[in-house]
Amino acid sequence: MPPPPHKQVAYLSSRTGFVRLAVQHGAPLVPVWAFGQTRAYSWFRPGPPLVPTWLVERISRAAGAVPIGMFGQYGTPMPHREPLTIVVGRPIPVPELAPGQLEPEPEVLAALLKRFTDDLQVCARACVCLC
């Protein structure tokens, strides 16, 4: 669900999958944020009176996520006409894996994720100051 107006949130504190993939493939991490993306689509969450609460809860537990419908301009997948400001930070180099090593160390992932989130916040603050 979108946050209140003029507030955007990224839930990254435990999301290390994209960092792991970057290390495994030797790709740098690039912090990128798009201001205004929360207004690009409208959304609805099924519930009363059309769908009983118990059914929504059951579907949510089975799917592992709350069912949410999203739509854009005129009810299509095309986004609403909203201005977007996209901020791209400096690439963060990732270490190479040792020969024969398939998975990076958890400490490496945690350090890279911390640096990524810190750089993402710097990008966001810089844009807020410039915009």
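The coordinates are above.
No experiment lies behind these values; they were computed from the predicted model shown. Here the residue index of a chain counts from 1 through its sequence in written order. A pLDDT threshold of at least 70 governs which residues receive local features in this predicted model, and a stricter bar of 80 or more applies before side-chain atom pairs are shown or counted, although totals over entire chains, interfaces and linings include all residues. Computation of side-chain values covers all heavy atoms of the structure but excludes hydrogens and water.

Asks: Give a description of a nonpolar patch on the surface that names residues and reports values.
Replies: Here the term patch refers to residues with relative accessible area over 30% and no salt bridge, with like charges joined within 9 Å and nonpolar side chains (Val, Leu, Ile, Met, Phe, Trp, Tyr) within 5 Å. All accessibility values rest on the Shrake-Rupley procedure with a 1.4 Å probe; residue burial counts only the protein chains present in the view. For this analysis, a salt bridge means a side-chain nitrogen from Lys or Arg found within 4 Å of a carboxyl oxygen belonging to Asp or Glu. Side chains of V30, V32, L84, I86 and V88 sit close together on the surface and give an oily, nonpolar patch of about 430 Å² of accessible area. Residue position: I86 is located in strand β4 (residues 85-88). Think of it in three bands: residues with accessible area under 20% of the maximum for their type are buried, residues over 50% are exposed, and the middle band is partly exposed, with areas taken using a 1.4 Å probe on protein chains only. I86 sits in the exposed class, given a relative accessible area of 56%. Per the convention used, a helix needs a DSSP run of H or I reaching at least four residues, while a strand needs a run of E reaching at least two, with both numbered from the N terminus.

Asks: Mind laying out the pattern of salt bridges, listing which residues take part and the relevant values?
Replies: Note that side chains of opposite charge can pair when their charged atoms are close. With the rule as written, the count across this model stands at four salt bridges. Where R20 meets E103, a salt bridge forms, and the shortest distance between an N and an O atom there is 3.4 Å. Separated by 83 residues along the polypeptide, R20 in helix α1 (residues 17-25) and E103 in the loop between β4 and α3 (106-130) bring together distant segments of the chain. Judged by relative accessible area, which is 28%, R20 ranks as partly exposed. Across the salt bridge formed by D118 and K114, the nearest N and O atoms sit 3.0 Å from each other. You can see D118 and its partner K114 sitting in helix α3, four residues apart, about one turn around the helix.

Asks: Help me get a handle on the nonpolar core, residues and values and all.
Replies: Most often, soluble globular proteins have nonpolar side chains that are buried together. Only buried residues count toward a nonpolar core, which is a set of Ala, Val, Leu, Ile, Met, Phe, Trp, Tyr and Cys residues joined through side-chain atoms within 4.5 Å. Of all hydrophobic cores here, the largest spans 13 residues; its most connected members are V19, L29, V94, L112 and F116. The biggest single contributor to this core is α3, with five residues. Excluding its chain neighbours within four sequence positions, the residues that come into contact with V94 are A22, V23, G26, A27, P28, L29 and L112. Throughout, a contact is declared for two residues whenever any of their heavy atoms are within 4.5 Å.

Asks: Please give an account of the packing of aromatic side chains that cites residues and values.
Replies: Pairing of aromatic rings covers Phe, Tyr and Trp, the last through its six-membered ring, and needs centres within 6.5 Å; plane angles under 30 degrees mean stacked, over 60 mean edge-to-face, and all others mean tilted. This structure, assessed with the given rule, holds two aromatic pairs. Relative to F116, the ring of F18 has its centre 5.1 Å away and its plane inclined at 65°; by these criteria the two rings are edge-to-face. Of the two residues, F18 sits in helix α1 while F116 sits in helix α3, which places them 98 residues apart along the sequence. On the basis of an interplanar angle of 40° and a centroid distance of 6.4 Å, the ring pair of F44 and F71 is categorised as tilted. On the criterion of sequence distance, the pair formed by F44 in strand β2 (residues 42-44) and F71 in strand β3 (residues 69-71) is long-range, its members being 27 residues apart. A relative accessible area of 46% places F44 in the partly exposed class.

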